[in-house]
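Chain and residue survey
Residues per chain, in single letters:
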Amino acid sequence: MTSIQERAAAAAGRTADEQPEDLSLPREYVDQFPAPDPMADYEPGDDDPEMVPVHLAWIRVRKEIRAIAKGEQYNGGGTRFNFRGVDTVVNTFGPVTLKHGVNVFPLHVEASYRDTTTSKGNKMHECTATVTWQIVGPKGDTLTLQTQGEALDSADKATAKAQSVALRVLLLSAGLTPTHDKDPDASYVERGNDAPARSAESYRDEILNPKTSQGRLQQIGYELTNLRMMNRKVQNETGELETLDSLGRRIYAERSGGDQ
């Protein structure tokens, strides 16, 4: 019984020991006459995206994605905040990029790792991933962007989580995607006065200070009235007890040369 190789060689008119003729073209010929572009004569069908440059296709994607609200909430460890998860972002961008012929590919990933522990002592694996992305338009031209993501995990998913965060950052930042959240400048809260209240003795010292002007003495009177400290007694310059109201009026009169 003959082998498969022998039967194939006999069908080709040669023996099994003879090598088939190399029909490949010389390298010089291939370099001089490259194969034609298979997309050169392509005409998009009814369901295909319009063949526009990648930056125009990306603008069309942005026009359709008006906003992605922070509709998910984290509540754990005494911390609670709203966020936009990567699944929500991808589910929003995916159909729109497909409609406009835009593809997003990771070209290169650089990851760094370190082991850490939580405040409760649990061991965690931390990954910081720098991902280089390529956004490809319907005509094949590209945009190259780079984002970073960080993630913690107690097992082996820190890298995948970090890359997912980097993808979310790419879509949100390159898409300039708003949240429709209230603008921080839309409300104003006046800060309270965190400075400690002045003591009666500090007002006494300022009143007795020869450099304190008459205008300032009047202002001190207003402050003491608002603070309800006019009847607070302090030791005056002679060591006697005197109310701040009486002390202020007396010093003001002495410096103005009149009676109060």
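Up top is the structure.
Looking only at helices and strands, the chain has eight helices and seven strands in total. Across the 260 residues that make up the chain, the buried fraction comes to 26%. Taking contacts inside the chain between residues at least 6 apart in sequence as the whole, the part at least 24 apart equals 53%. Of the accessible surface of the chain, which amounts to about 18900 Å², a share of 49% is contributed by carbon and sulfur atoms.

Further remarks concern the packing of helix H6 (residues 200-208) against helix H8 (residues 244-256). At a minimum axis separation of 10 Å, H6 and H8 run at an interaxial angle of 10°. Overall, the two elements H6 and H8 adopt an arrangement that is roughly parallel. Here Ala-200, Tyr-203, Arg-204, Ile-207 and Leu-208 of H6 come into contact with H8, specifically with Leu-244, Leu-247, Gly-248, Ile-251 and Arg-255. Across the contact of H6 with H8, the residue classes break down as seven nonpolar, one polar and two charged.

Attention now moves to helix H4 (residues 86-99). The terminal C-alpha atoms of H4 lie 20 Å apart, and with 14 residues this matches the ideal 20 Å at 1.5 Å per residue to within 8%. Of all the bends found along H4, the most pronounced is centred on Phe-93 and spans about 25°, while Pro-95, a proline, follows it within four residues. Listed as buried for H4 are Val-89, Phe-93, Val-96 and Thr-97. Gly-101, located one to two residues past H4, shows a positive phi value of around 70°.

Before going further, it helps to spend a moment on the sheet that holds strand E3 (residues 103-117). Pairing within the open sheet is antiparallel, and its three strands lie in the order E3-E4-E5. Each edge of the sheet is formed by a strand with only one pairing partner; in this case those strands are E3 and strand E5 (142-153). Averaged over neighbouring strand pairs, the angle between their axes works out to 15° when direction is ignored. Examined bridge by bridge, E3 and strand E4 (residues 123-136) share 14 bridges and lie antiparallel to one another. In the strand pairing of E4, Ser-112 is matched with Thr-128. Those strands touched by helix H5 (residues 158-174) are E3, E4 and E5, and its axis lies near 135° from that of E5.

The next thing to look at is H8. The end-to-end C-alpha distance of H8, which contains 13 residues, comes to 18 Å, matching closely the 18 Å that a straight helix rising 1.5 Å per residue would cover. Listing the buried residues of H8 in full gives Leu-244, Leu-247, Gly-248, Ile-251, Tyr-252 and Ala-253. A positive phi of about 80° marks Gly-257, the residue just after H8.

Calculation rules
Residues numbered from 1 in each chain as written. Predicted model: local features only at pLDDT ≥ 70, side-chain atom pairs only at ≥ 80, totals over all residues. Heavy atoms only, no water. Helix = DSSP H or I, 4+ residues; strand = E, 2+ residues; numbered from the N terminus. Buried < 20%, exposed > 50% of the residue type's maximum accessible area, 1.4 Å probe, protein only. Contact = heavy atoms within 4.5 Å. Areas by Shrake-Rupley, 256 points an atom, 1.4 Å probe, with all protein chains shown as cover. Axes fitted to C-alpha atoms, helices over the stretch in contact; angles between N-to-C directions. Parallel < 35°, antiparallel > 145°, perpendicular 65-115°, else oblique. Nonpolar A, V, L, I, M, F, W, Y, C, P; charged D, E, K, R; others polar. Expected span 1.5 Å × (residues − 1). Bend = angle between axes of the 7 residues up to and from the residue. Pairing = 2+ DSSP bridges.

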